[in-house]
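Listed below are the residues making up each chain.
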Amino acid sequence: MNIAQGWTAPTRRGVLAAATIVFLAGAAASSAAAAAENNTLDGKPPVGTISLEQFQAGYIASAGGGQGVLKFQGQAVPFSIGGVGIGGLGAAETNATGYVYGLKTLADFPGNYVQVRTGFAFGVFGGGDLTLKNDKGVTLKLKAKRKGLMLGFGGDVISITLDELKPANSR
(Lines give C-alpha, C1' and ligand atoms only; values in the text may rest on other atoms or scores of the structure.)
Protein backbone atom coordinates (compact mmCIF):
# COMPACT_ATOMS: atom_id res chain seq x y z
CA MET A 1 0.00 0.00 0.00
CA ASN A 2 1.36 3.44 -0.80
CA ILE A 3 0.51 6.55 1.16
CA ALA A 4 -1.57 8.01 -1.66
CA GLN A 5 -4.01 5.09 -1.37
CA GLY A 6 -4.71 5.81 2.32
CA TRP A 7 -5.25 3.35 5.11
CA THR A 8 -7.44 0.30 4.67
CA ALA A 9 -9.45 -1.56 7.27
CA PRO A 10 -7.53 -4.39 8.98
CA THR A 11 -8.26 -7.90 7.78
CA ARG A 12 -9.86 -10.49 10.05
CA ARG A 13 -6.68 -12.54 9.85
CA GLY A 14 -4.59 -9.55 10.97
CA VAL A 15 -6.91 -8.75 13.87
CA LEU A 16 -6.96 -12.40 15.00
CA ALA A 17 -3.17 -12.64 14.74
CA ALA A 18 -2.72 -9.47 16.81
CA ALA A 19 -5.21 -10.68 19.43
CA THR A 20 -3.45 -14.05 19.64
CA ILE A 21 -0.07 -12.38 20.15
CA VAL A 22 -1.50 -10.11 22.87
CA PHE A 23 -3.09 -13.10 24.63
CA LEU A 24 -0.01 -15.34 24.49
CA ALA A 25 2.44 -12.63 25.55
CA GLY A 26 0.25 -11.61 28.46
CA ALA A 27 -0.36 -15.19 29.58
CA ALA A 28 3.37 -15.89 29.59
CA ALA A 29 4.13 -12.71 31.56
CA SER A 30 1.36 -13.41 34.08
CA SER A 31 2.47 -17.03 34.58
CA ALA A 32 6.08 -16.03 35.20
CA ALA A 33 5.01 -13.29 37.60
CA ALA A 34 2.67 -15.60 39.53
CA ALA A 35 5.45 -18.15 39.98
CA ALA A 36 7.77 -15.47 41.37
CA GLU A 37 5.18 -13.76 43.59
CA ASN A 38 6.69 -12.76 46.90
CA ASN A 39 5.70 -10.13 49.45
CA THR A 40 9.26 -9.16 50.38
CA LEU A 41 11.71 -6.94 48.55
CA ASP A 42 15.41 -7.61 49.15
CA GLY A 43 14.34 -9.61 52.22
CA LYS A 44 12.41 -6.69 53.74
CA PRO A 45 8.65 -6.78 54.43
CA PRO A 46 6.29 -4.14 53.03
CA VAL A 47 5.59 -1.02 55.09
CA GLY A 48 2.22 -0.27 53.51
CA THR A 49 -0.27 -1.21 50.83
CA ILE A 50 -1.49 0.58 47.75
CA SER A 51 -4.41 0.36 45.36
CA LEU A 52 -4.92 2.36 42.19
CA GLU A 53 -7.10 2.81 39.14
CA GLN A 54 -5.46 4.03 35.95
CA PHE A 55 -6.42 4.43 32.31
CA GLN A 56 -3.60 4.00 29.81
CA ALA A 57 -3.50 4.26 26.04
CA GLY A 58 -0.58 3.76 23.76
CA TYR A 59 0.78 3.23 20.31
CA ILE A 60 4.54 2.96 20.81
CA ALA A 61 4.34 5.97 23.18
CA SER A 62 1.83 5.80 26.01
CA ALA A 63 0.03 8.11 28.42
CA GLY A 64 -2.19 7.52 31.40
CA GLY A 65 -3.71 8.90 34.55
CA GLY A 66 -5.78 7.92 37.54
CA GLN A 67 -6.07 7.84 41.31
CA GLY A 68 -5.35 5.58 44.24
CA VAL A 69 -5.09 5.10 47.98
CA LEU A 70 -1.94 4.54 50.03
CA LYS A 71 -2.36 2.81 53.40
CA PHE A 72 0.61 3.73 55.58
CA GLN A 73 1.00 3.97 59.37
CA GLY A 74 -2.74 3.61 59.98
CA GLN A 75 -3.71 6.31 57.46
CA ALA A 76 -5.55 5.97 54.16
CA VAL A 77 -4.09 8.69 51.93
CA PRO A 78 -5.67 9.43 48.51
CA PHE A 79 -3.39 10.36 45.62
CA SER A 80 -3.48 11.14 41.89
CA ILE A 81 -1.19 9.75 39.20
CA GLY A 82 -0.29 10.76 35.67
CA GLY A 83 2.49 9.90 33.31
CA VAL A 84 3.95 9.24 29.89
CA GLY A 85 6.12 6.43 28.59
CA ILE A 86 7.37 4.17 25.85
CA GLY A 87 5.98 0.78 24.87
CA GLY A 88 2.52 -0.60 24.55
CA LEU A 89 -0.25 -0.88 22.02
CA GLY A 90 -3.96 -0.32 22.66
CA ALA A 91 -5.98 1.07 25.56
CA ALA A 92 -6.93 -0.38 28.92
CA GLU A 93 -8.30 0.42 32.34
CA THR A 94 -6.04 -0.91 35.08
CA ASN A 95 -6.96 -1.74 38.67
CA ALA A 96 -3.90 -2.68 40.70
CA THR A 97 -3.11 -3.56 44.29
CA GLY A 98 0.18 -4.22 45.97
CA TYR A 99 2.82 -3.37 48.49
CA VAL A 100 4.96 -0.38 49.41
CA TYR A 101 8.63 -0.79 50.37
CA GLY A 102 11.23 1.65 51.69
CA LEU A 103 8.76 4.39 52.66
CA LYS A 104 9.98 6.02 55.89
CA THR A 105 7.74 9.12 55.99
CA LEU A 106 4.66 10.14 54.04
CA ALA A 107 6.63 13.06 52.56
CA ASP A 108 8.77 10.53 50.63
CA PHE A 109 5.74 9.15 48.74
CA PRO A 110 4.80 11.94 46.26
CA GLY A 111 7.06 12.67 43.30
CA ASN A 112 8.26 11.05 40.12
CA TYR A 113 8.53 7.29 39.79
CA VAL A 114 10.06 5.17 37.06
CA GLN A 115 7.66 2.37 36.15
CA VAL A 116 8.47 -0.93 34.48
CA ARG A 117 5.38 -2.75 33.26
CA THR A 118 4.38 -5.96 31.56
CA GLY A 119 0.94 -7.30 30.86
CA PHE A 120 -2.00 -7.47 28.54
CA ALA A 121 -5.72 -6.87 28.25
CA PHE A 122 -8.14 -8.70 25.98
CA GLY A 123 -11.69 -7.66 26.79
CA VAL A 124 -12.26 -8.28 30.50
CA PHE A 125 -9.41 -10.82 30.63
CA GLY A 126 -6.09 -9.23 31.47
CA GLY A 127 -3.35 -8.82 34.00
CA GLY A 128 0.26 -7.96 34.59
CA ASP A 129 2.81 -6.53 36.96
CA LEU A 130 3.88 -2.98 37.75
CA THR A 131 7.02 -1.97 39.62
CA LEU A 132 7.54 1.72 40.38
CA LYS A 133 10.57 3.31 42.07
CA ASN A 134 11.33 6.87 43.12
CA ASP A 135 14.59 8.64 44.01
CA LYS A 136 13.80 8.52 47.75
CA GLY A 137 14.10 4.72 47.93
CA VAL A 138 10.37 3.97 47.73
CA THR A 139 9.34 0.95 45.64
CA LEU A 140 5.77 -0.04 44.73
CA LYS A 141 5.11 -3.63 43.57
CA LEU A 142 1.63 -4.12 42.15
CA LYS A 143 -0.46 -6.84 40.54
CA ALA A 144 -2.75 -5.44 37.87
CA LYS A 145 -6.09 -6.46 36.42
CA ARG A 146 -6.80 -4.82 33.07
CA LYS A 147 -9.86 -4.37 30.86
CA GLY A 148 -9.58 -3.32 27.24
CA LEU A 149 -7.37 -4.33 24.36
CA MET A 150 -3.71 -3.70 25.11
CA LEU A 151 -0.29 -5.28 25.08
CA GLY A 152 1.70 -3.49 27.75
CA PHE A 153 5.48 -3.58 27.88
CA GLY A 154 8.01 -0.87 28.51
CA GLY A 155 8.56 1.95 30.93
CA ASP A 156 7.02 5.18 32.07
CA VAL A 157 7.68 8.17 34.25
CA ILE A 158 4.75 8.47 36.64
CA SER A 159 4.07 11.51 38.81
CA ILE A 160 2.26 10.91 42.11
CA THR A 161 0.68 13.81 43.99
CA LEU A 162 -1.10 13.54 47.32
CA ASP A 163 -4.69 14.71 47.16
CA GLU A 164 -4.61 15.66 50.83
CA LEU A 165 -1.34 16.13 52.71
CA LYS A 166 -1.74 17.40 56.28
CA PRO A 167 1.24 18.26 58.47
CA ALA A 168 1.83 15.68 61.24
CA ASN A 169 1.19 18.29 63.96
CA SER A 170 -2.23 19.45 62.64
CA ARG A 171 -5.45 18.11 64.12
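To start, this report covers the structure provided alongside it. It should be emphasised that the depicted structure is a prediction, and the values quoted were computed from it without experimental measurement.

## Considerations on the overall build of the protein chain
Piece 1. Within the protein chain one finds 1 helix and 5 strands.
Piece 2. Burial status across the protein chain gives 35% buried among its 171 residues.
Piece 3. Considering only residue pairs separated by 6 or more positions, the protein chain has 70% of its internal contacts joining residues 24 or more positions apart.
Piece 4. Carbon and sulfur atoms provide 63% of the accessible area of the protein chain, an area that totals close to 10100 Å².

## Overview of empty space enclosed by the protein
Piece 1. Applying the stated rule across the entire model yields 1 cavity of 30 Å³ or more.
Piece 2. For the largest cavity, the calculated volume is near 40 Å³.
Piece 3. Forming the boundary of the largest cavity are Leu 52, Gln 54, Ile 81, Gln 115, Leu 130, Leu 132, Leu 142, Ile 158 and Ile 160.
Piece 4. Counting only elements with at least two residues in the lining of the largest cavity, the list comes to strand S1 (48–72), strand S4 (125–134) and strand S5 (139–162).
Piece 5. Counting residues per element, the lining of the largest cavity draws most heavily on S5, at 3 residues.
Piece 6. A per-class count over the lining of the largest cavity returns 7 nonpolar, 2 polar and no charged.

## Looking at the packing of aromatic side chains
Piece 1. According to the stated counting rule, one finds 2 aromatic pairs in the structure shown.
Piece 2. With 5.2 Å between their ring centres and 75 degrees between their planes, Phe 79 and Phe 109 make a pair best called edge-to-face. Separated by 30 residues along the polypeptide, Phe 79 in strand S2 (residues 75–101) and Phe 109 in the loop between S2 and strand S3 (111–123) bring together distant segments of the chain. Taken as a pair, Phe 79 and Phe 109 share a single burial class, namely buried.
Piece 3. Each member of the aromatic cluster is reached from another via a ring pair, and the members are Phe 79, Phe 109 and Tyr 113.

## Brief notes about the nonpolar core
Considering soluble globular proteins, one finds that nonpolar side chains tend to be buried as a cluster.
Piece 1. Leu 70, Phe 79, Phe 109, Tyr 113, Leu 140, Leu 142 and Ile 160 are the most contacted members of the largest nonpolar core, which has 22 residues in total.
Piece 2. If you list the elements that add at least two residues to this core, you get S1, S2, S4 and S5.
Piece 3. The greatest single-element share of this core, amounting to 6 residues, is contributed by S5.

Criteria and cut-off values
- Residues numbered from 1 in each chain as written.
- Predicted model: local features only at pLDDT ≥ 70, side-chain atom pairs only at ≥ 80, totals over all residues.
- Heavy atoms only, no water.
- Helix = DSSP H or I, 4+ residues; strand = E, 2+ residues; numbered from the N terminus.
- Buried < 20%, exposed > 50% of the residue type's maximum accessible area, 1.4 Å probe, protein only.
- Contact = heavy atoms within 4.5 Å.
- Areas by Shrake-Rupley, 256 points an atom, 1.4 Å probe, with all protein chains shown as cover.
- 1 Å grid on protein atoms, 1.4 Å probe; cavity = no way out; pocket = protein on both sides within 12 Å on 5 of 7 lines; lining within 4 Å.
- Points joined across faces, edges and corners; volume = space filled by probe spheres on them.
- Nonpolar A, V, L, I, M, F, W, Y, C, P; charged D, E, K, R; others polar.
- Phe/Tyr/Trp six-rings, centres within 6.5 Å; stacked < 30°, edge-to-face > 60°.
- Core = buried A, V, L, I, M, F, W, Y, C linked by side-chain atoms within 4.5 Å.

By themselves these figures say nothing about function.
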